[in-house]
Amino acid sequence: MTKNNQTQIQKQMEVQKFSYDNKIVRNFAYATIIWGIIGMLVGLIVACQLAFPEFFNNYLGFSFLSFGRIRPLHTNAVIFAFVGNGIFMGVYYSLQRLLKTRMWSDKLSNINFWGWQFIILCAVATLPFGITTGKEYAELEWWIDILITLLWVVFGFNMFATIFTRRVKHMYVAIWFYIATFVTVAILHIFNSFELPISFLKSYSWYAGVQDALVQWWYGHNAVAFFLTTPYLGLMYYFVPKAANRPVYSYRLSIVHFWALIFIYIWAGPHHLLYTSLPDWAQSLGVVFSVMLIAPSWGGMLNGLLTLRGAWDRVRDDVMLKFMVVALTCYGMATFEGPLLSLKNVNMLSHFTDWTIAHVHVGGLGWNGMFTFGMLYWLFPKMFRVKLYSKKLANQHFWIATLGIILYAIPMYIAGFVQGLMWQDFNPDGTLANPEFLDTVTNLTPYYILRAIGGLLFIVGAVMMFYNLIKTARSGNFLANEEAEAANMRTVAAKVIGKAYWHRAIEKRPVRFMIVSIVVVAIGGLVEIIPTMIVESNVPTIASVQPYTPLELEGRDVYVSEGCYNCHSQMIRPLRFETARYGEYSKSGEFVYDHPFQWGSKRTGPDLAREGGKRNNMWHYEHMIRPKEVSQHSIMPAYPWLAEYDMDLTLMEAKINAMRTLGVPYEEGFEKEAKANAEAQALLITEDIVDNIIKNLPEELAKTYDRQGKIDELKNKRLIALIAYLQRLGTDIKADAEVEEAMPAQTESSDENIDEADADNVQDADSLTNQNQ
C-alpha cells in the first residue's frame with residue numbers, strides 16, 4: 001500500500017462528531033402511551049358492550065358509541081395510533097444509532113409526527129359518526145387514505161435519505177425489516193385504497209365482491225405482517241441485543257428469516273377466506289403458504305430468544321427483558337396458531353368465532369403491546385439520563401399485564417370452541433341442536449365478562465407505566481441532542497475491512513435492496529390477484545342477480561355506515577351446518593355489484609346472506625328500534641336514531657353514476673329517475689309498516705290513528721332504506737332457484753329432452769324473474 005493510500009484511508013477514518021435527535025423519539029413515545037391507553041379504553045367499552053349489553057342500551061345508547069361504529073375506532077387506534085407511533089419511536093431511535101448519523105431532516109421527522117397525529121384525529125372525527133368505507137382495518141375514507149400515503153412517503157424519504165448519509169458500510173438486519181415495512185405497506189395501502197369518491201365523506205371501493213374480498217384480505221393479513229410484525233422484528237433485532245448486551249444469536253439465521261418471511265407472508269392472505277366464494281385454487285395457495293410460514297416465523301422467534309443465551313439471569317432483574325421474553329413467546333404462539341387456523345378442518349370450527357379474537361389479541365397485546373412497553377422502559381432512562389423511577393412498579397405492571405393477557409385470551413378461546421361446536425351440533429334426527437343463533441351467543445356471556453376483566457387489567461398496567469415514566473422524566477434531564485462520534489466507514493475500501501459474507505454485497509446498496517424486496521413481496525400478490533381479476537371463470541355470473549334499486553343502494557350505505565359487518569356475515573359456507581341454518585350456500589356471482597364486499601369476519605349475530613323475505617318489514621322495524629323486545633336476551637344494540645335521521649338522497653344521482661363507472665349495468669339516464677324511484681319504494685315499505693302498526697292497535701285507537709301523518713313521518717328515514725336492503729339480501733338467488741325448480745317439470749314433459757319451445761319457456765321465465773327484480 002502506498003503512502004498516499006495510507007494517508008487517504010486515515011483521513012477517511014477520522015472520527016467525526018454529530019448528534020442524535022432524541023426529541024422526535026420522545027414525541028412519538030408520549031404519543032404511543034397516550035393513544036395506547038385511549039385505544040385500549042375504547043376496546044374496553046366494546047368488550048363491556050358485549051358483556052353488559054343492557055347497561056349500555058339503557059344508559060349509553062348513543063349513536064357514536066354503538067358497537068358497529070367504535071369497534072373500527074378501537075382497531076384503528078390500537079394498530080395505527082398505538083403500534084404505529086411505537087414503530088416510529090423505535091425506528092427513529094435505532095436507525096440513527098445503527099447508521100451512526102442524525103436523521104436526514106428534522107423538519108421531515110416533525111412533519112411525520114404531527115401529520116400522523118392529525119390522521120389519527122381524523123379517524124376519531126369520522127369513524128364514530130359512521131363515516132367509513134366498510135373494509136376491516138381500512139375503514140378510513142379516501143382523503144384520509146391520501147394523507148396516509150403522503151405521510152408514509154415522507155417517512156420513507158427521510159429514512160432512505162438517512163441511509164444514504166450513513167457512516168457505516170453495511171445495513172444491519174433491523175434496517176432490512178424497516179425497508180421491507182416501508183415498501184410493502186405502501187403497496188398494500190395504495191392498491192387496497194383504490195376508491196371512487198362520491199363526496200368528501202363518501203366513496204365506493206373500486207373492486208367488487210370476490211375481487212374486493214381477495215384484495216382486502218391480501219391487505220388485511222399483510223397489514224398484520226408488515227405493520228404489526230416486520231417492523232417489530234426489526235426493533236427486536238436492535239433492542240434485545242442492546243438490553244441483553246449480547247450479539248444476535250445467528251446472522252445467517254437472520255438472513256434466512258428475513259427473505260423467507262417477506263416472500264411467504266404475502267401469499268397467505270386467502271386463508272382468511274376459506275370455504276367462501278373465493279376460487280379454490282386461491283384458497284389452497286393461502287393454506288400452503290400459511291403452513292410454510294411457521295418456519296421463518298419461529299426462526300425469528302428463536303433467534304431472539306437464543307440471543308439471551310448466557311444472559312437469562314438478567315431477565316430476573318431487568319424489567320425490559322421480561323417484557324421482551326413474553327413478547328417473543330406470544331409471537332411464537334401467535335405464529336404457530338396462524339398456520340394452524342389456516343388448515344381447513346380447523347378453520348371450519350374457528351372462523352367467525354371468538355377464537356379469531358383470541359388469536360389476534362395474543363399477537364396484539366402479547367407481541368406488540370409487551371414489546372412496546374419494554375422499549376418504553378428502556379428508552380426513558382436513556383433519554384432522560386436517570387434511573388427508572390420505580391422498578392417495583394414496573395415489575396407490578398409486568399405481572400398485571402401478563403395476567404390481563406391470560407384472562408383475555410383463555411376465555412375467548414373457550415368462547416370460540418363453545419360457539420363453533422354449538423353451530424355444528426345436530427340432533428339424532430338430523431336437525432340442528434341449536435337452531436336459534438341467539439342461544440349460541442347468550443352462552444358466551446361469562447367469557448365476555450372475563451375478557452373485559454382481562455382488558456381492564458391490561459389498561460391498569462399501562463396507566464401504571466405512564467405514571468412511572470412521567471415520574472422518571474420529571475426526575476431526570478432530557479437530552480434532546482445526544483452527542484456522538486464515529487468514523488465514516490462507508491467510504492472505506494472493502495479490502496481494508498476484510499473479507500465479508502456474500503450477503504454483505506446487497507446490504508451496502510439500499511436502492512438495490514429495496515428493489516429486490518419489492519420483487520420478492522410482489523410475486524405472491526400478483527399471482528393471486530391478477531388471475532382473479534382477469535379470468536372470468538373465477539367469478540361466474542348469475543343471470544338472476546340484478547343491481548340494487550336506488551333505495552336498496554342507500555340502505556346498503558346505511559348498513560356500512562353503522563358497521564353491521566362487525567357482527568354479521570354475508571357469506572354462507574358450503575358446510576352442512578351452515579346451509580341447514582341459513583339456506584343455500586353463497587356463490588361468487590351474487591356479489592358482483594357489491595362495492596365494497598360485506599362478508600364479515602365475526603358472527604356476534606347471524607349471517608344475513610339469505611335474510612331477504614324471511615321476515616316482514618314490521619319485524620325489521622321493531623327489531624332495529626327495540627331488539628330485546630323482539631328477541632329476548634339479545635345483546636344487539638338498539639338503533640332508534642335510524643328512525644329519526646332522514647335519508648340523504650341528494651347524492652343519489654352521483655351514486656348511480658359512480659356505480660355505472662364501476663361496472664354496474666344501470667341504464668343511461670336512470671340516475672335522473674333514481675331519487676323518485678327510491679322515494680316510491682320507500683313509500684311502499686312505509687305504508688306496509690304503518691298498516692301493521694294500525695293492525696296491532698286496539699280497534700278504538702286504530703280508527704283515530706293518523707295513518708298519513710305516520711307515513712309522512714317515516715317514509716324518508718334511514719331505517720326504511722336499511723329495511724329495503726335487508727329484504728333484498730339473497731332474493732336474487734332464491735329467484736334463480738325457483739327457475740331451476742321449474743325446469744324438471746318441463747324436462748319430464750318431453751321425454752327427458754328440452755325441445756325448442758321448452759327452452760323458450762325457460763328463457764321467458766328468466767326474463768320475467770329479471771323484470772320482477
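Check the entry above for the structure.
No experiment lies behind these values; they were computed from the predicted model shown. Sequence positions are assigned chain by chain, starting from 1 and proceeding in written order. The predicted origin of the model limits local features to residues at a pLDDT of at least 70 and limits the giving and counting of side-chain atom pairs to 80 or more, whereas totals for whole chains, interfaces and linings rest on all residues. Hydrogens are left out, water is left out, and the side-chain values use all remaining heavy atoms of the structure.

Quick notes on the packing of aromatic side chains
Whether two aromatic rings pair depends on their centres lying within 6.5 Å, for rings of Phe, Tyr and Trp, where Trp uses its six-membered ring; planes under 30 degrees apart make the pair stacked, over 60 edge-to-face, and the rest tilted. Tallying each qualifying case throughout the model produces 67 aromatic pairs. When the centroid spacing of 6.4 Å and the interplanar angle of 45° are considered together, the rings of Phe160 and Phe164 count as tilted. Of this pair, Phe160 and Phe164 both sit in helix H6 (residues 142-164), four residues apart, which is roughly one turn of that helix. Classification of residues uses two cut-offs on accessible area relative to the type maximum, computed with a 1.4 Å probe and protein chains only: under 20% is buried, over 50% is exposed, and between them is partly exposed. Owing to a relative accessible area of 8%, Phe160 belongs among the buried residues under this scheme. Pairing Trp176 with Phe258 gives two aromatic rings, centres 5.8 Å apart and planes at 65°, and the pair type is edge-to-face. Note that Trp176 is positioned in helix H7 (residues 173-192) and Phe258 in helix H10 (residues 251-265), a separation of 82 residues in sequence. The residues Trp176 and Phe258 share a single accessibility class, namely buried. Arg26 extends its terminal NZ or CZ atom over the ring of Phe478, reaching a point 4.5 Å from the ring centre. Whether a charge sits over a ring depends on NZ of Lys or CZ of Arg being within 6 Å of the ring centre and within 35 degrees of the ring normal. In this structure, Arg615 is placed above the aromatic ring of Trp619, and the distance from its NZ or CZ to the ring centre is 4.5 Å. Helix and strand definitions here come from DSSP, where helices need a minimum of 4 consecutive H or I residues and strands a minimum of 2 consecutive E residues; each element is numbered from the N-terminal end.

A closer look at the pairing of strand E2 (residues 195-199)
Where E2 and strand E3 (residues 202-205) come together, four bridges link them in antiparallel fashion. Its bridge partner lying in E3, Glu195 is registered against Ser205. Between the end of E2 and the start of E3, which pair antiparallel, lie two residues. Being paired, for any two strands, means DSSP has found at least two bridges between them.

Details of unusual backbone geometry
Along the chain, His595 connects to Pro596 via a cis peptide bond; the corresponding omega equals 0°. Inspection of the secondary structure puts Pro596 in the loop between helix H24 (576-582) and helix H25 (617-625). With a phi close to 55°, Asn245 is a non-glycine residue in the positive phi region. By the secondary structure assignment, Asn245 is in the loop between helix H9 (230-244) and H10. The residue Tyr275 is not glycine, and still its phi comes out positive at about 65°.

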